[in-house]
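Structural features, examined
As a plain string of letters, each chain reads:
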Amino acid sequence: MVRFLILPNVVKCLVFKEMELYEILLLSFCSKRVQKSIQQTFTIGLNKGFRITCPDKMNPFQDMDEKRLELIVDHKGNDKKVISWKYVTSLSLIKQFKYPKGPFILKINGIRCKCSVSFHSLSGIPILYFEKDLMKKLPMELHKHCVEVFRTTPGLEMIMNLNDSSDLDESQPIKDLYLHDSYEKVDPRIADEFFEKANIQNCFSVVSQKLEGAVSDDSKFWNIPNILIYSHNWVFAHQLVRFTGKNAYFFTKDYPCVITQDMNAFLKHWLNGNNTNLEIMMAGGYRGSMDGLFNGIKMRRWDPRRRPARYVSNGSLGSVFQFQMFTGSTFSNFFDTYFSEFDYLDCRNAFDIVRESDGWIASVKVEFGIFFMFVWHHSYTK
């Protein structure tokens, strides 16, 4: 190792280019000098940071004890896996004939802990074995270590089950959080407890996880900037006034007469308030009448002198994570998949309402059973 460290940086860089990311990560555990050498001579191209993946209960091919720390290069099947880890009750229970030699001492970000190691038979990805008391602390420290070594964005994504809140470190901000698909319904109180712990800074999405009832009105769920819920029973239309974020898609389940009244109340709430965050609100399952949607509200047809014909979205809402039996777990763009039959951002046929306090315009339309509201911020209202 000493001989390697005294090599010219150009030579080290060539060596690193021939190595896999997990090999470089293992090398970084050797010493601070090695870690510094990697930082100085090795860089990763365009990436989206790291993602922690918890086990998928619907995936019959995944080891339910396995957690994975993965480097995200993109969401198109080019993910670079860095390391996996498993938790055991005691490292002394690991039989030597089944697992590699160990345990050994791992020092990472000031933490000194015992672990054993093996390697995946096909991919070669290292699997570290730790005791369960490190379940919360270790993943976050591994994440910090990888960010420092590879000099990537600190943004962390997580994929997990709704009732696995024991995996969350409440002090760790999570950029985007995705839920695994699930056929079982979960008590909404579990969801409220989950969002009390999860510090989600950007986006939360779920496709098929159902609740037994709606989340509570005072849940921190409503404060997430971008939410995509393509599953029933999470919210009712009258709760949408609780949303303080930017972009949302909810699949409401209300009777037609009720949803019309509640969406009318939602529009009035925006008109009479001072919400400057909201950009897009979409509510699937709308079967109400357009006639009563604007009761007591002044509205007008599109005027090309006041705003463009098509809304331009700057939000990150859209990505979902699903498990399919033949393709496995993949990311996909929700709107490219489900809205491919029409341009949902086309607002030529939408009705405009104007907030008197600041002159902001919101365009409202109902198409294919979906309520759309697009807020045109100050650049279009002068």
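Residues numbered from 1 in each chain as written. Predicted model: local features only at pLDDT ≥ 70, side-chain atom pairs only at ≥ 80, totals over all residues. Heavy atoms only, no water.

As annotated in an unreviewed UniProt entry, the protein carries the name Sdz-33 F-box domain-containing protein and comes from Caenorhabditis nigoni.

**Some remarks on empty space enclosed by the protein**
Enumeration according to the criterion identifies 1 cavity of 30 Å³ or more in this entry. In this model, the largest cavity occupies a volume close to 60 Å³. As for the largest cavity, its lining consists of Ile52, Cys54, Lys67, Trp85, Tyr87, Met135, Pro139, Met140, Met158 and Asp167. Of all the secondary structure elements, the ones that give two or more residues to the lining of the largest cavity are strand E3 (80-88) and helix H5 (137-150). Split by residue class, the lining of the largest cavity holds 8 nonpolar, no polar and 2 charged. (1 Å grid on protein atoms, 1.4 Å probe; cavity = no way out; pocket = protein on both sides within 12 Å on 5 of 7 lines; lining within 4 Å. Points joined across faces, edges and corners; volume = space filled by probe spheres on them. Helix = DSSP H or I, 4+ residues; strand = E, 2+ residues; numbered from the N terminus. Nonpolar A, V, L, I, M, F, W, Y, C, P; charged D, E, K, R; others polar.)

**Focus on the environment of serine 289**
By the element assignment, serine 289 lies in the loop between strand E14 (280-284) and strand E15 (319-324). Residue classification places serine 289 among the partly exposed residues on the basis of a relative accessible area of 34%. A C-alpha to C-alpha distance of 21 Å links serine 289 and histidine 232, two positions 57 residues apart in sequence. (Buried < 20%, exposed > 50% of the residue type's maximum accessible area, 1.4 Å probe, protein only.)

**Considerations on the state of the cysteines**
This structure, assessed with the given rule, holds 0 disulfides. The cysteine cysteine 115 is free of any disulfide, with cysteine 113 supplying the nearest cysteine sulfur at 5.9 Å. Cysteine 146 carries a free sulfur, and the closest cysteine sulfur to it, the one in cysteine 113, is 14 Å from it. (Disulfide = S-S within 2.5 Å.)

**Considering the pairing of strand E12 (residues 226-229)**
A two-sided burial pattern is seen for E12, the buried positions comprising Asn226 and Leu228 on one face and Ile227 and Ile229 on the other. Across 4 bridges, the pairing between strand E10 (residues 200-206) and E12 is parallel. Bridging across to E12, valine 206 finds its partner in isoleucine 229. By the bridge criterion, 3 bridges tie E12 to strand E13 (residues 247-251) in an arrangement that is parallel. Within E13, the residue paired with leucine 228 across the bridge is tyrosine 249. (Pairing = 2+ DSSP bridges.)

**Observations concerning the pattern of salt bridges**
Counted according to the given criterion, the structure contains 15 salt bridges. Salt-bridge contacts for aspartate 217 lead to arginine 242; the nearest nitrogen and oxygen are separated by 3.6 Å. Here aspartate 217, found in the loop between strand E11 (210-211) and E12, pairs with arginine 242, found in the loop between E12 and E13; they are 25 residues apart in sequence, far enough to count as distant. Since its relative accessible area comes to 33%, aspartate 217 is described here as partly exposed. The exposure class assigned to arginine 242 is partly exposed, which follows from its relative accessible area of 42%. Measuring nitrogen to oxygen at the nearest pair gives 2.9 Å for the salt bridge that ties aspartate 358 to arginine 355. With relative accessibility at 30%, the residue aspartate 358 sits in the partly exposed group. Each of the salt bridges in this network shares a partner with another, and the network as a whole consists of Arg51, Arg68, Glu70 and Asp79. (Salt bridge = Lys/Arg side-chain N within 4 Å of Asp/Glu carboxyl O.)

**A word on helix H3 (residues 21-28)**
Most of H3 sits out of view: 6 of its 8 residues are buried. Among the residues of H3, Leu21, Tyr22, Ile24, Leu25, Leu27 and Ser28 are the ones counted as buried.

**Regarding the pairing of strand E4 (residues 104-108)**
Looking at chain direction, E4 and strand E5 (residues 111-119) are connected through 5 bridges and run antiparallel. The residue of E5 that forms the bridge with phenylalanine 104 is cysteine 115.

**Concerning the confidence of the model for the protein**
A residue-level look at the protein finds 90% of positions with pLDDT of 70 or above and a mean pLDDT of 85. Predicted confidence in the protein is weakest over helix H1 (residues 2-5), with a mean pLDDT of 70, and strongest over strand E17 (residues 351-354), with 96. (pLDDT = per-residue confidence, 0-100.)

**Observations concerning the packing of H3 against H5**
At a minimum axis separation of 11 Å, H3 and H5 run at an interaxial angle of 100°. If you check the angle between H3 and H5, you find them roughly perpendicular. Across the interface between the two elements, Leu21, Ile24, Leu25 and Ser28 of H3 pack against His145, Cys146, Val149 and Phe150 of H5. Within the contact of H3 with H5, the residues separate by chemical class into 6 nonpolar, 2 polar and no charged. (Axes fitted to C-alpha atoms, helices over the stretch in contact; angles between N-to-C directions. Parallel < 35°, antiparallel > 145°, perpendicular 65-115°, else oblique. Contact = heavy atoms within 4.5 Å.)

**Observations regarding the UniProt feature "domain: Sdz-33 F-box" (unreviewed entry) in the protein**
Per the UniProt entry, the sites bearing "domain: Sdz-33 F-box" (unreviewed entry) are residues 260-281 in this numbering. The distance separating the terminal C-alpha atoms of residues 260-281 is 15 Å; by composition the span is 59% helix and 9% strand. (UniProt positions renumbered as here; feature names shortened; annotations may be inferred.)

**Overview of the layout of surface pockets**
Size it by volume and the second largest pocket reaches roughly 260 Å³. Along the wall of the second largest pocket there are 13 residues; nearest its centre are Leu271, Ile297, Lys298, Val354 and Glu356. At the level of secondary structure, the elements contributing two or more residues to the lining of the second largest pocket comprise helix H7 (256-272) and E17. Taken together, the residues that form the lining of the second largest pocket break down as 5 nonpolar, 2 polar and 6 charged.

**A closer look at the packing of H3 against helix H4 (residues 32-41)**
Contact geometry of H3 with H4 gives a least axis separation of 8 Å together with a crossing angle of 140°. Judged by the angle between their axes, H3 and H4 are oblique. On H4, the residues touching Ile24, Leu27 and Ser28 of H3 are Val34, Gln35 and Ile38. Residues of the contact of H3 with H4, tallied by class, amount to 4 nonpolar, 2 polar and no charged.

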